[in-house]
Amino acid sequence: MDVDTRLLRSFVAVAEEGSLTRAAERLFVSQPALTRQVRQLETLLGVALFTRSRTGMALTEPGRALARRVPPLLADWDGTLREARGAASRAERVLRVGFLASAANESTPGIIAEFTRRRPGWRVEMRQAAWSDPTAGLAEGDVDAALLRLPFPGQGALRVAELLEEPRWVALPSGHPLAAREELSFQELWDEPFVAAPPDTGPWRDYWLAADERGGRPVRIGAVTDRPDDWLSAIANGYGVALAPESAARFYARPGVAYRPVSGVSPSRVAVAWAPADDGNAVVRDFVDCCREAVTGPR
């Protein structure tokens, strides 16, 4: 029997939290998506893993047996996978870096240039991820480091160094009445339909909708996308507006889309992240140092 490790990670989160709601928040997925994953695992194994009640999720006897075995199994698998991929990376002298959207903005070319200066013969392979993968492949061990927007799923299990902060602006159709304004307040956007990330991204999606900064007002969803091109098209075609980093106005300018500053909403933060297992990896450490120095200067 083959079982997707994603289902096992979901099981562990629910077992440890004792609550679908808290586990979904921890994994940055929606609660319905997490419920489906737990049920899928129960179906595959042919046993009930939890008893469900108003007070939460309690492990059954088979569930307790699985909960004892799965965490070390996943840790061994993650270590094996990272070791194999790390060996391939070293042999090819390639550092794989995942990123979302504009990575570290204008600092990115300088980071790569400084890294290749420190590591002659090495190259950086930048891998752009869809918004449905807010860790840009880091959680699955597909990359050695990642340039990410905070917060992101599983952040507490990884090493994170914050690099920079930038305001969140709004992207809206250029023909929208509000596009004629120089600056907007977030409250003026509360009743607008928003272009959102997929529901399965849970709190990640909520963050870019600023769901907690609306005074309890529900969000109207006009379209759902997980890649920049589709996001821009949805906005240009009038399906909704969207919050975006200030840098999006430079990196994602296109006809039909206007960007305006927004007051009354918290800023976005960019960080470099890596796995704790790579704390002793000199190559990853060099890349992290290059990231830090690019935005703060040499330490």
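Residues numbered from 1 in each chain as written. Predicted model: local features only at pLDDT ≥ 70, side-chain atom pairs only at ≥ 80, totals over all residues. Heavy atoms only, no water.

A few words on the state of the cysteines. Tallied over the entire structure, the rule returns zero disulfides. Not engaged in a disulfide, the cysteine Cys290 finds its nearest cysteine sulfur in Cys291; these two sulfurs lie 7.0 Å apart. With relative accessibility at 2%, the residue Cys290 sits in the buried group. (Disulfide = S-S within 2.5 Å. Buried < 20%, exposed > 50% of the residue type's maximum accessible area, 1.4 Å probe, protein only.)

Once that is clear, we can look at the layout of surface pockets. Take a probe with the size of a water molecule and roll it over the atoms, and the empty space left behind shows itself. Volume-wise, the largest pocket comes out at about 1,200 Å³. Taken together, 38 residues line the largest pocket, and the ones lying closest to its centre are Arg9, Leu27, Ala139, Glu140 and Gly154. Sorting elements by how many residues they give to the lining of the largest pocket places helix α4 (residues 61-92) first, with seven residues. Taken together, the residues of the lining of the largest pocket sort by class into 20 nonpolar, eight polar and 10 charged. (1 Å grid on protein atoms, 1.4 Å probe; cavity = no way out; pocket = protein on both sides within 12 Å on 5 of 7 lines; lining within 4 Å. Points joined across faces, edges and corners; volume = space filled by probe spheres on them. Helix = DSSP H or I, 4+ residues; strand = E, 2+ residues; numbered from the N terminus. Nonpolar A, V, L, I, M, F, W, Y, C, P; charged D, E, K, R; others polar.)

Here we have four strands laid out as an open sheet, ordered β8-β12-β7-β11, and mixed in their pairing. Across the chains shown, the open sheet's two edge strands, defined by having one partner strand only, are β8 (184-185) and β11 (242-245). (Pairing = 2+ DSSP bridges.)

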